Amino acid sequence: INSKNPIERNRSVIEQSGIKTLLTGFVDDNILKLAAESNCKLIDTSKLIDSEINLSLPNVSDDEIAYILFTSGSTGIPKGVPITRANVDALMDAFYDLGYEIDENDRFMQMFELTFDFSVICYFAPLVKGASIYTVSNEGIKYGNVYTTLEDHEITFACMVPSIITYLKPYFEDINLPKLKYSLFCGEALYDDIAQGWQKCTPNSKIINTYGPTEATVFCTVYNWNPEIKNKTLNGVVCIGKSMKNMMSIVVDEKGVELPSGEKGELALAGKQLTPGYWKNPEKNKEAFFKLNVNGTETETTFYRSGDLALADSDGDLMYLGRKDNQVKIQGFRVELGEIEHHAREFTKVSCVAMAYNNGSGITILHLFLENYLGTTEALQENLKSKVPFYMVPTAYTLLTNFPLNTNGKIDRIELQKLLPKEL
């Protein structure tokens, strides 16, 4: 539980999961209030006395829950994603099957808040091999702390969200991290130009674009970006590749029917990393999971609807198209906001976020946020008119010095949404 989250959200998590005891390394007013209002026992781990180490292992089933992460729910109530020991084991099996050379001399960076699932691989992977873990301070500027950690500790393995690297872009010419061997990206779309720039900063690093929701245990598809070839991209976004070991990915229509290569649809996932289902939420399970016979087998396979749009190319590589809920209808036409963002980035060379809202008269307005853009919106609008159909050209723009980021360094779209005009 992140103690900095709103107390009502944390109380919901405690109530849903039946937590009776809270452990913390520090105690402040928020934690004291949360424990009191939730009727939980509070243990300050910093005051615990040393005890004899017990190295005997309990007999625990693979079906036992390793952890539960709570993600945002459309109803405003966070939904729990239980991950079993078998799910974690499948992740680690697939991770090491990728062939990464890791030993006790490696140094991992951990930049994520612990309720963000990408943090799991940042401590499980090094602990299994006896490698070191260096955490990134939450004080000050996140991207600055990330760079300092990478440089000062000569990090060899880094898992990051692309937004962090985007903020380092103005300093690319001065960044040189020859010790970095692996750069894994996840959590957001990775743009090809960012990958190119980061490769120059990390000449000995392999850049890997990964994809996966919390429900599929951190990540489950991988694409190895290669500086020596023209990489697969769509709308400037790097391909998310193929499924990892023990996993399966297909693109389906609204009825759950698998689509042929080249057709856009919703990405559905199956395999050993897939959660057994949302925590005490049968209605959400019915909505998010479905069964399908694949490859002519008689046995039905359980698939999870990711809510992400994708298409598979002729090689079976997956191209990420953004969130399903980011596909909107404008004047009857289906519009993918990611396509607008791509063309805006191409022209402005800055980060862009497109959003849509109803003006209260039944008309959907396209709104484009631009970060640290020094040009004119008129010039941008004229350029977009030459790139996309008229109904995809934004009618409203907001220029910001910096985009808001959440605790994991991702662009905080919820905060941006608050800046949209209120519906009339």
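Along each chain, numbering runs from 1 in the same order as the chain's sequence is written. The predicted nature of this model means local features are confined to residues of pLDDT at least 70 and side-chain atom pairs, given and counted, to a pLDDT of 80 or more, with totals for whole chains, interfaces and linings taken over all residues. Note that the side-chain values use all heavy atoms of the structure and ignore hydrogens as well as water.

Participant: Requested: an account of the environment of asparagine 406, with residues and values cited.
Facilitator: Within the secondary structure, asparagine 406 sits in the loop between strand 23 (396–400) and helix 11 (413–417). Separated by 359 residues in sequence, asparagine 406 and lysine 47 have C-alpha atoms that sit 31 Å apart. We count a stretch as a helix when DSSP gives it H or I for four or more residues in a row; a strand needs E for two or more, and each element gets its number in order from the N terminus.

Participant: Please provide a residue-by-residue account of the sheet that holds strand 23, values included.
Facilitator: Any two strands with at least two DSSP bridges between them are considered paired. The strand order across the open sheet formed by 3 strands is 21-22-23, and the pairing between neighbours is mixed. Single-partner strands in this sheet number two, and they are strand 21 (352–358) and strand 23. With strand direction ignored, the average angle separating the axes of adjacent strands in the sheet is 25 degrees. Strand direction decides the pairing type here: strand 22 (residues 364–371) and strand 23, joined by 5 bridges, are parallel. Note on geometry: axes are lines fitted to C-alpha atoms, helical ones only across the stretch in contact, with angles between N-to-C directions running from 0 to 180 degrees.

Participant: Describe the pairing of strand 6 (residues 132–135), naming the residues involved and giving the relevant values.
Facilitator: Summarising the sheet, strand 5 (residues 107–110) and strand 6 pair through 4 bridges and their orientation is parallel. Each bridged residue has a counterpart across the sheet, and for phenylalanine 108 the counterpart in strand 6 is isoleucine 133.

Participant: Give a detailed account of the pairing of strand 16 (residues 289–293), specifying residues and quantitative values.
Facilitator: Of the pairings in the sheet, the one linking strand 16 to strand 17 (residues 300–312) comprises 5 bridges and is antiparallel in character. Bridged to asparagine 293 within strand 17 is glutamate 300. Two successive antiparallel strands, strand 16 and strand 17, enclose a turn made up of 6 residues, where asparagine 295 displays a positive phi of approximately 55 degrees.

Participant: Go over helix 5 (residues 142–152) with me, naming the residues and quoting the values.
Facilitator: Taken together, the buried positions of helix 5 are Lys142, Tyr143, Asn145, Val146, Tyr147, Thr149 and Leu150. Residues of helix 5 that are buried in the fold lie against strand 5, strand 6, strand 7 (157–160), helix 6 (162–168) and helix 7 (192–201). Burial here depends on accessible area, computed with a 1.4 Å probe over protein chains only, as a share of the maximum for the residue type. Under 20% is buried, over 50% is exposed, and the range in between is partly exposed. For this analysis, residues touch if any pair of their heavy atoms sits within 4.5 Å.

Participant: Outline the environment of leucine 180, supporting the account with residue identities and numerical values.
Facilitator: Structurally, the position occupied by leucine 180 is in the loop between helix 6 and strand 8 (182–185). On the accessibility criterion, leucine 180 (1% relative accessible area) is buried. It is 5.4 Å that separates the C-alpha atoms of leucine 180 and serine 205, two residues lying 25 residues apart in sequence. If we skip the residues at most four places from it in the chain, leucine 180 touches Leu150, Ile155, Thr156, Phe157, Ala158, Trp198, Thr202, Asn204 and Ser205.

Participant: An account of helix 10 (residues 377–385) is requested, with residue identities and associated values reported.
Facilitator: Of the residues making up helix 10, those classed as buried are Leu380, Asn383 and Leu384. All buried residues of helix 10 fall inside an arc of 100 degrees around its axis, so they share one side. On its buried face, helix 10 sits against helix 9 (337–348), strand 22 and strand 23. Along the arc lie the directions from the helix axis toward the C-beta atoms.

Participant: Quick rundown of the sheet that holds strand 5? Include the residues and the values.
Facilitator: Sheet architecture is open: 7 strands sit in the order 6-5-7-8-9-10-13, paired in mixed fashion. On the outer flanks of this sheet lie strand 6 and strand 13 (242–243), each paired with one strand and no other. Contacts from helix 5 reach strand 5, strand 6 and strand 7, with the element oriented near 170 degrees to strand 5.

Participant: Account for the packing of aromatic side chains, naming residues and giving values.
Facilitator: By convention, a stacked pair of Phe, Tyr or Trp rings (six-membered ring in the case of Trp) has centres within 6.5 Å and planes under 30 degrees apart, an edge-to-face pair has planes over 60 apart, and any other such pair is tilted. Counting across every chain of the model gives 18 aromatic pairs. Following the ring pairs from residue to residue traces out a cluster consisting of Phe95, Tyr96, Tyr100, Phe108, Phe157 and Tyr182. Charge-over-ring placement is defined geometrically: NZ (Lys) or CZ (Arg) within 6 Å of the ring centre, and within 35 degrees of the ring normal. Lying across the ring of tyrosine 191, arginine 345 places its NZ or CZ 3.7 Å from the centre.

Participant: Before we move on, could you go through the side chain of aspartate 317 and cite the residues and values that matter?
Facilitator: Counting through the fold element by element, aspartate 317 comes out in the loop between strand 17 and strand 18 (318–323). Polar contacts here mean pairs of N or O atoms no more than 3.5 Å apart (in protein, one a potential hydrogen donor and the other a potential acceptor; neighbouring residues in sequence count only if both atoms are side-chain atoms). At 3.0 Å, the side chain of aspartate 317 forms a polar contact with the side chain of lysine 242. Not counting the four nearest positions on each side in its chain, aspartate 317 is found in contact with Lys232, Cys239, Gly241, Lys242, Leu311 and Ala312.

Participant: Mind laying out the nonpolar core, listing which residues take part and the relevant values?
Facilitator: Where a protein is soluble and globular, its nonpolar side chains tend to be buried together. Counting residues in each nonpolar core, the largest one holds 94 residues, and the members touching the most others are Phe118, Ile121, Leu184, Trp198 and Phe219. Ignoring anything within four residues of it in the chain, the contact list for phenylalanine 118 reads Phe112, Cys159, Met160, Leu184, Phe185, Cys186, Thr210, Val218 and Phe219. The nonpolar core is taken to be a set of buried Ala, Val, Leu, Ile, Met, Phe, Trp, Tyr and Cys residues, with the residues joined through side-chain atoms within 4.5 Å. In terms of nonpolar packing, the next biggest core, distinct from the first, is built from 20 residues, Val328, Leu368, Met392 and Val393 among them.

Participant: How would you summarise a negative patch on the surface if you had to cite specific residues and measurements?
Facilitator: What makes a patch is a set of residues exposed beyond 30% relative accessible area and free of salt bridges, joined within 9 Å when like-charged and within 5 Å when nonpolar (Val, Leu, Ile, Met, Phe, Trp, Tyr). Using the Shrake-Rupley algorithm and a 1.4 Å probe, accessible areas are obtained, with residue cover drawn only from the displayed protein chains. Salt-bridge detection follows one rule: a side-chain nitrogen of Lys or Arg within 4 Å of a carboxyl oxygen of Asp or Glu. As used throughout, the charge tally considers Lys and Arg to be positive and Asp and Glu to be negative, leaving His and the chain termini uncounted. Every charge is mapped onto a representative atom, which is NZ of Lys, CZ of Arg, CG of Asp or CD of Glu. Residues Asp62, Asp63, Glu64 and Asp89 make up a contiguous surface patch of negative charge. Among the secondary structure elements, aspartate 62 is positioned in the loop between strand 2 (41–44) and strand 3 (65–71). Overall, aspartate 62 belongs to the partly exposed group, its relative accessible area being 49%.

Participant: Break down unusual backbone geometry for me, citing the residues and quoting the values.
Facilitator: Backbone geometry at valine 218 places phi at a positive 80 degrees, although glycine is not the residue there. Structurally, valine 218 can be placed in the loop between strand 9 (206–211) and strand 10 (221–225). On the basis of relative accessibility, which here comes to 1%, the residue valine 218 falls in the buried class. Here the phi dihedral of lysine 280 falls at roughly 50 degrees; this positive angle occurs in a residue that is not glycine. You can see lysine 280 is positioned in the loop between strand 15 (265–271) and helix 8 (282–288). Overall, the relative accessible area of 66% leaves lysine 280 in the exposed class.

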